[in-house]
Amino acid sequence: ELKVEQNPLFLSMQEGKNYTIYCNYSTTSDRLYWYRQDPGKSLESLFVLLSNGAVKQEGRLMASLDTKARLSTLHITAAVHDLSATYFCAVVSMVDDKIIFGKGTRLHILP
Amino acid sequence: NAGVMQNPRHLVRRRGQEARLRCSPMKGHSHVYWYRQLPEEGLKFMVYLQKENIIDESGMPKERFSAEFPKEGPSILRIQQVVRGDSAAYFCASSLRDYNEQFFGPGTRLTVL
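It should be emphasised that the depicted structure is a prediction, and the values quoted were computed from it without experimental measurement.

Structural notes on the pairing of strand β2 (residues 10-14) of chain A
Residues and elements named next belong to chain A.
And step 1. With burial as the criterion, only one face of β2 is covered, namely that bearing Leu11 and Met13; the residues Phe10, Ser12 and Gln14 on the opposite face remain uncovered.
And step 2. Judged from the five bridges that link them, β2 and strand β11 (residues 105-110) form a sheet pairing that is parallel. The partner of Ser12 across the bridge, within β11, is His108.

Considering the pairing of strand β9 (residues 85-92) of chain A
Residues and elements named next belong to chain A.
And step 1. When you tally the buried positions in β9, you get eight out of eight residues, the bulk of the element.
And step 2. Residues of β9 alternate between two faces, with Ala85, Tyr87, Cys89 and Val91 on one and Thr86, Phe88, Ala90 and Val92 on the opposite face, all of them buried.
And step 3. Alignment of strand β4 (residues 31-37) against β9, held across seven bridges, turns out to be antiparallel. Note that in β9 the partner of Tyr33 across the bridge is Ala90.
And step 4. Judged from the three bridges that link them, β9 and β11 form a sheet pairing that is antiparallel.

Overview of the nonpolar core
Residues and elements named next belong to chain A.
And step 1. Counting 25 residues, the largest nonpolar core has Leu32, Trp34, Leu74 and Tyr87 as the members making the most contacts within it.
And step 2. Mapped onto this core, the elements with two or more residues apiece are β2, β3 (19-25), β4, β5 (43-49), β7 (61-66), β8 (71-76), β9 and β11.
And step 3. Ranked by the residues each element gives to this core, the list is headed by β9, at four residues.

Examining the interface of chain A and chain B
And step 1. Of the residues lining the interface, 19 residues belong to chain A; the matching set on chain B comes to 19 residues.
And step 2. Carbon and sulfur atoms make up 49% of the area that chain A and chain B hide from each other, which totals about 1500 Å².
And step 3. Counting across the chain A and chain B interface gives zero salt bridges.
And step 4. Inspection of the region where chain A meets chain B yields six residue pairs in polar contact (both at pLDDT 80 or more).
And step 5. Sorting the residues of the side of chain A that touches chain B by element identifies β4, β5, β9 and β10 (99-101) of chain A as the ones contributing at least two each.

Quick look at unusual backbone geometry
And step 1. With an omega dihedral of 0°, the bond running from Asn7 of chain A to Pro8 of chain A counts as a cis peptide bond.
And step 2. Residues Asn7 of chain B and Pro8 of chain B are joined by a peptide bond in cis, for which omega reads -5°.
And step 3. Here Pro8 of chain B lies in the loop between β1 (5-7) and β2 (10-13).
And step 4. In the Ramachandran plot, Ala78 of chain A falls in the positive-phi region, its phi being about 50° despite a non-glycine side chain.
And step 5. The exposure class assigned to Ala78 of chain A is partly exposed, which follows from its relative accessible area of 26%.
And step 6. Of note in the backbone geometry, Glu52 of chain B takes a positive phi value of approximately 65° without being a glycine.
And step 7. Secondary-structure assignment places Glu52 of chain B in the loop between β5 (43-50) and β6 (53-56).

Points about the side chain of Thr105 of chain A
All names here are of chain A.
And step 1. Relative to the elements of secondary structure, Thr105 occurs in strand β11.
And step 2. Relative accessible area serves as the criterion here: at 0%, Thr105 is assigned to the buried category.
And step 3. Separated by 3.1 Å, the side chains of Thr105 and Gln6 make a polar contact.
And step 4. The contacts of Thr105, once residues within four sequence positions are left out, are Gln6, Pro8, Leu9, Ile21, Ala85, Thr86 and Tyr87.

A word on the pattern of salt bridges
Residues and elements named next belong to chain B.
And step 1. Applying the stated criterion to the full structure yields five salt bridges over all chains.
And step 2. One salt bridge connects Arg20 with Glu18, and the closest N-O pair in it is separated by 2.8 Å.
And step 3. Exposure remark for Arg20: the relative accessible area of 36% places this residue in the partly exposed category.
And step 4. For Glu18, a relative accessible area of 29% corresponds to the partly exposed category.

Things to note about the packing of aromatic side chains
And step 1. Tallying each qualifying case throughout the model produces eight aromatic pairs over all chains.
And step 2. Arranged with centres 4.6 Å apart and planes meeting at 15°, the rings of Tyr33 of chain B and Tyr48 of chain B form a pair that is stacked. Note that Tyr33 of chain B is positioned in strand β4 (residues 31-37) and Tyr48 of chain B in strand β5, a separation of 15 residues in sequence.
And step 3. For Tyr48 of chain B, a relative accessible area of 1% corresponds to the buried category.
And step 4. These aromatic residues form a ring-pair network of at least three members: Tyr33, Tyr35 and Phe101 of chain A together with Tyr35, Phe45 and Phe104 of chain B.

Calculation notes
Residues numbered from 1 in each chain as written. Chains lettered and ligands numbered in written order. Predicted model: local features only at pLDDT ≥ 70, side-chain atom pairs only at ≥ 80, totals over all residues. Heavy atoms only, no water. Buried < 20%, exposed > 50% of the residue type's maximum accessible area, 1.4 Å probe, protein only. Helix = DSSP H or I, 4+ residues; strand = E, 2+ residues; numbered from the N terminus. Pairing = 2+ DSSP bridges. Core = buried A, V, L, I, M, F, W, Y, C linked by side-chain atoms within 4.5 Å. Contact = heavy atoms within 4.5 Å. Buried area = accessible area lost by both parts, 1.4 Å probe. Salt bridge = Lys/Arg side-chain N within 4 Å of Asp/Glu carboxyl O. Polar contact = N/O pair within 3.5 Å; in protein donor to acceptor, adjacent residues only side chain to side chain. Phe/Tyr/Trp six-rings, centres within 6.5 Å; stacked < 30°, edge-to-face > 60°.

Given below as structure tokens:
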């Protein structure tokens, strides 16, 4: 059974700092998605990672995928308050095509 | 707006009533997924449908919950005889191909009194 673990689950950081959110998964996958959710809102697609070594960047966010280590990272550079949200990774299993979401990382950026 | 549409956005029901949640996928998408999100938690997969077919319902509770995606019209998630524990946000997503990138609707927030 595919398990997806995100850590940390909660992160409070100051503006201007860098930090990384980790997404580990337990079975073979070649597709991983990162989403952002603001309180009371829906999920917004951030990144689609489809191959080992994939790296994508959008503004202050950069996501990478290491399929051998079964690990994806979401790196935040010089955080700003607007990035405060909950970030989810979602992994598609190559075994049964099921998609499983992590519990989410609540990011709170202090001005 | 060609995005995923859900209605109603908010739904209040008393215990024992029925709840019907509707989802219209993005234009051109024929794959629909339903998720449930409890407060402060991640999304739990419920069911995956294509037109007139349930592909995977492994996340659906065995009783009171059903889903359909008819040939014409929106996908419907139906909850019979609601209980307080059904209170949650229900999100629908659609994709162009199976288990491809999913685009989410705004969600229906169900409150059971």
